[in-house]
Amino acid sequence: MATLWQEFCSRWKDGCGSSLCSGAKKCLAKGKIPCDILFVGEAPNGAADLLGVPFIDEIGLIMDDVIKKAQAEHLRCAFTNIVCCVPRDPMDYSEEVPPPGEAILTCRRRLLEFIELCGPKLIMAVGNYAENALRDMHSEDEITTSVAWMPHPATVLYARPYGGYEFRRLVDTLTKAVAENFAGAS
C-alpha cells in the first residue's frame with residue numbers, strides 16, 4: 001500500500017501541466033512530513049531540477065544556517081516551491097527567469113495538496129513571488145495556515161560584505177515568526 005507521500009509524488013511526477021513542465025524533472029519537496037514549518041520558495045534552479053530536490057546548494061546551506069541561528073532546528077521543516085519546474089527564458093533556455101503567472105496558477109493545486117499533506121503550523125514564504133502567491137491563496141481562503149514572509153536567501157549571496165545585514169534579516173524574520181507561532185513549544 002502506497003503512503004500519502006508516494007501517492008503525491010506519483011500524481012505529480014509529470015508536473016502540473018504548466019508551460020514549464022516539459023523537460024523538467026519536477027522538483028517537488030524535501031524535509032519532514034508532516035512538518036511544523038513549511039518553507040515555500042519561488043522556483044527550483046537548474047541544480048535543484050537536476051537532482052529533483054528543492055533548496056539545495058548555496059541556497060540550501062544558507063537556509064540551514066538561518067534555521068540554526070533562529071534556533072528553529074528542533075522544529076520539523078519541509079521545503080517546496082510555488083512551481084516545481086525551473087522557469088527558463090524561451091529565447092535562451094540556459095537563462096533562468098522568475099516563474100510566470102500561468103505556471104504559478106497551474107501549479108497551485110499541487111501546492112495546496114502539499115500544504116494539506118504537510119499540515120504545517122507556519123508557512124514561510126521565501127521571496128516576493130512566493131509571498132504574493134501565498135497571500136493570494138490566503139486571501140481566497142485556500143489556505144488558513146499562518147503565513148509569514150522572509151527575503152529570498154539569494155539576497156545574502158549578493159550582499160557586500162558577504163551576508164552581513166541580509167543574513168541577519170533572514171534570521172530575525174524567522175526568529176520572530178517562530179516566536180509568534182510556536183510560543184511555549186520546545
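Residues numbered from 1 in each chain as written. Predicted model: local features only at pLDDT ≥ 70, side-chain atom pairs only at ≥ 80, totals over all residues. Heavy atoms only, no water.

1. Some points on the nonpolar core
Now for step 1: In this structure, Leu38, Val40, Ile82, Leu111, Ile115, Ile123 and Leu134 are the most contacted members of the largest nonpolar core, which totals 30 residues.
Now for step 2: Residue assignment for this core shows that the elements contributing at least two residues are helix H1 (4–12), strand E2 (37–41), helix H4 (101–106), helix H5 (108–118), strand E6 (122–126) and helix H6 (128–139).
Now for step 3: If near-sequence neighbours (up to four positions away) are discounted, Ile82 is found in contact with Val40, Gly41, Glu42, Pro99, Ile104, Cys107, Arg110, Leu111, Tyr129, Ala130 and Ala133.
Now for step 4: Formed by 28 residues, the second largest nonpolar core is a distinct cluster that contains Leu122, Met150, Val178 and Phe182. (Core = buried A, V, L, I, M, F, W, Y, C linked by side-chain atoms within 4.5 Å. Buried < 20%, exposed > 50% of the residue type's maximum accessible area, 1.4 Å probe, protein only. Helix = DSSP H or I, 4+ residues; strand = E, 2+ residues; numbered from the N terminus. Contact = heavy atoms within 4.5 Å.)

2. Some remarks on helix H8 (residues 164–181)
Now for step 1: Given a rise of 1.5 Å per residue, 18 residues ought to cover 26 Å, and the 26 Å separating the end C-alpha atoms of H8 matches this to within 8%.
Now for step 2: For H8, the complete set of buried residues consists of Glu166, Phe167, Leu170, Val171, Leu174, Ala177, Val178 and Asn181. Here the buried residues of H8 occupy an arc of 140 degrees about the axis, which is enough to place them on one side. Residues of H8 that are exposed and angled more than 90 degrees away from the buried face: Tyr165, Lys176, Ala179 and Glu180.
Now for step 3: For H8, the secondary structure elements touched by its buried residues are E2, helix H3 (57–69), E6, strand E7 (146–150) and helix H7 (154–158). (Expected span 1.5 Å × (residues − 1). Arc of directions from axis to C-beta.)

3. Considerations on the pairing of E7
Now for step 1: Bridge count between E6 and E7: five bridges; the pairing is parallel. By the bridge assignment for E7, Ala125 is matched with Trp149.
Now for step 2: In this region the chain leaves E6, passes through H6 and returns to the parallel neighbour E7; the handedness of that crossover is right-handed. (Pairing = 2+ DSSP bridges. Right-handed = clockwise from strand over helix to strand, strands pointing away.)

4. Some words on H3
An α-helical segment advances 3.6 residues per turn. Residues three or four places apart therefore align on the same side.
Now for step 1: Its 13 residues give H3 an end-to-end C-alpha distance of 18 Å, which sits within 8% of 18 Å, the value for a rise of 1.5 Å per residue.
Now for step 2: Three or more residues of H3 are buried, namely Ile59, Gly60, Ile62, Met63, Val66 and Ile67. The arc that holds the buried residues of H3, viewed along the axis, is 160 degrees, so those residues lie on one side. What points out from H3, more than 90 degrees from its buried face, is the exposed set Leu61, Lys68 and Lys69.
Now for step 3: Phi turns positive one or two residues past the end of H3, at Gln71, with a value near 55 degrees.

5. Thoughts on the packing of aromatic side chains
Now for step 1: One pass over the full model with this rule turns up five aromatic pairs.
Now for step 2: Pairing Trp5 with Phe8 gives two aromatic rings, centres 5.6 Å apart and planes at 20 degrees, and the pair type is stacked. On the criterion of helical spacing, the pair formed by Trp5 and Phe8 is a turn pair, its members being three residues apart in helix H1.
Now for step 3: Given a relative accessible area of 30%, Trp5 falls into the partly exposed group.
Now for step 4: Ring centres of Trp5 and Phe114 lie 6.0 Å apart, and the angle between their planes is 65 degrees; this geometry places the pair in the edge-to-face category. In this pair, Trp5 sits in helix H1 while Phe114 sits in helix H5, placing the two residues 109 residues apart along the sequence.
Now for step 5: Accessibility expressed as a relative area gives 0% for Phe114, which makes it buried.
Now for step 6: Put simply, the rings of Trp5, Phe8 and Phe114 touch in pairs and so form one group of aromatic residues.
Now for step 7: In this structure, Lys30 is placed above the aromatic ring of Phe79, and the distance from its NZ or CZ to the ring centre is 5.3 Å. (Phe/Tyr/Trp six-rings, centres within 6.5 Å; stacked < 30°, edge-to-face > 60°. Lys NZ or Arg CZ within 6 Å of the ring centre and 35° of its normal.)

6. Digging into the confidence of the model for the chain
Now for step 1: On average, the chain scores 90 in pLDDT, and the residues at 70 or more come to 96%.
Now for step 2: Ranking the elements of the chain by mean pLDDT puts strand E4 (residues 88–89) last, at 83, and E2 first, at 98. (pLDDT = per-residue confidence, 0-100.)

7. Regarding the packing of H1 against H5
Now for step 1: Where H1 contacts H5, the axes come no closer than 11 Å and their chain directions differ by 175 degrees. Judged by the angle between their axes, H1 and H5 are roughly antiparallel. Contacts between H1 and H5 involve Leu4, Trp5, Phe8, Arg11 and Trp12 on the former and, on the latter, Arg109, Arg110, Glu113, Phe114 and Leu117.
Now for step 2: Across the contact of H1 with H5, the residue classes break down as six nonpolar, no polar and four charged. (Axes fitted to C-alpha atoms, helices over the stretch in contact; angles between N-to-C directions. Parallel < 35°, antiparallel > 145°, perpendicular 65-115°, else oblique. Nonpolar A, V, L, I, M, F, W, Y, C, P; charged D, E, K, R; others polar.)

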